[in-house]
Amino acid sequence: MRRFGQVLGIDPARVDEYKRYHAAIWPEIAQAIRAAGIRNYSIFLHGEQLFGYYEYTGPDSELDARMQALAAAPRMREWWDIMESMQVPDPDRPAGTWWSTMEEVFHQD
């Protein structure tokens, strides 16, 4: 299992809308996340910053393929288009990414 922490900005004028969407996530999106091997997924809000945490439970050798399958899942692009209109990515993020992945510096079970 691999843990991921990611950060992303949010438009403060759209926080309530973002919360409403996530309070009733579409079934296709929830299923695609599970099929990708993602478990224990949470998004936290602090001011104008989102913090996402999830655990990838599949084999390391399948991570890239599973993330590509997630991106191609039914309605995923539609969901992302709505979410991305509310989000503010870090201008210094690596090319081809949206959320900025954080380095894990401590963990205790």
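This write-up is about the structure you can find in this document.

Parameters and conventions
Just so you know, the residues in each chain are numbered from 1, in the order the chain's sequence is written. Per-residue local features of the predicted model are confined to residues with pLDDT of at least 70, and side-chain atom pairs are confined, for both listing and counting, to 80 or more; whole-chain, interface and lining totals are unaffected and use all residues. No hydrogens and no water enter the side-chain calculation; it runs on all heavy atoms of the structure. Definition used for salt bridges: Asp or Glu carboxyl oxygen within 4 Å of a side-chain nitrogen of Lys or Arg. Here a strand is any run of E in DSSP of at least two residues, a helix any run of H or I of at least four, and the numbering for each starts at the N terminus. Buried means the residue's accessible area, taken with a 1.4 Å probe over protein chains only, is under 20% of the maximum for its type, while exposed means over 50%, and partly exposed covers the values in between. For this analysis, a nonpolar core means a set of buried residues of the types Ala, Val, Leu, Ile, Met, Phe, Trp, Tyr and Cys, connected via side-chain atoms within 4.5 Å. The contact criterion used is simple: two residues touch if any of their non-hydrogen atoms lie within 4.5 Å.

Another aspect to go through is the pattern of salt bridges. Summed over the entire model, instances satisfying the criterion amount to eight salt bridges. Ionic pairing is found between Arg3 and Glu104, a salt bridge with its closest N-O pair at 3.2 Å. With Arg3 in strand β1 (residues 2-10) and Glu104 in the segment after β5 (100-101), this residue pair connects regions lying 101 residues apart in the sequence. Ionic pairing is found between Glu84 and Arg77, a salt bridge with its closest N-O pair at 2.9 Å. Take Arg77: its relative accessible area is 40%, and that puts it in the partly exposed class. Through salt bridges that share partners, Glu28, Arg75 and Glu78 make up one connected network.

Tyr18, Ile29, Ile38, Leu70, Met76 and Trp79 are the most contacted members of the largest nonpolar core, which totals 22 residues. Every element with two or more residues in this core is listed here: β1, α1 (15-23), α2 (27-35), β3 (49-56), α3 (63-71) and α4 (76-84). Excluding residues that lie within four positions of it along the chain, Leu70 makes contacts with Ala32, Ile33, Ala36, Ile38 and Met76.

A separate point is the side chain of Ser100. Inspection of the secondary structure assignment puts Ser100 in strand β5. Taking the relative accessible area as the measure of exposure, Ser100 reaches 9% and is therefore buried. Beyond its immediate chain neighbours, meaning those up to four positions away, Ser100 contacts Gly5, Gln6, Val7, Asp90 and Arg93.

Another aspect to go through is the environment of Ala23. Here Ala23 shows up in helix α1. Note: C-alpha distance between Ala23 and Arg2 (21 residues apart in sequence) is 26 Å.

We now examine unusual backbone geometry. Even without a glycine there, the phi angle at Asn40 is positive, about 55°. Position of Asn40 among the secondary structure elements: in strand β2 (residues 38-46). Residue classification places Asn40 among the partly exposed residues on the basis of a relative accessible area of 47%. Positive phi, close to 70°, is recorded for Arg75, a residue that is not glycine. When you line up the elements, Arg75 lands in the loop between α3 and α4.

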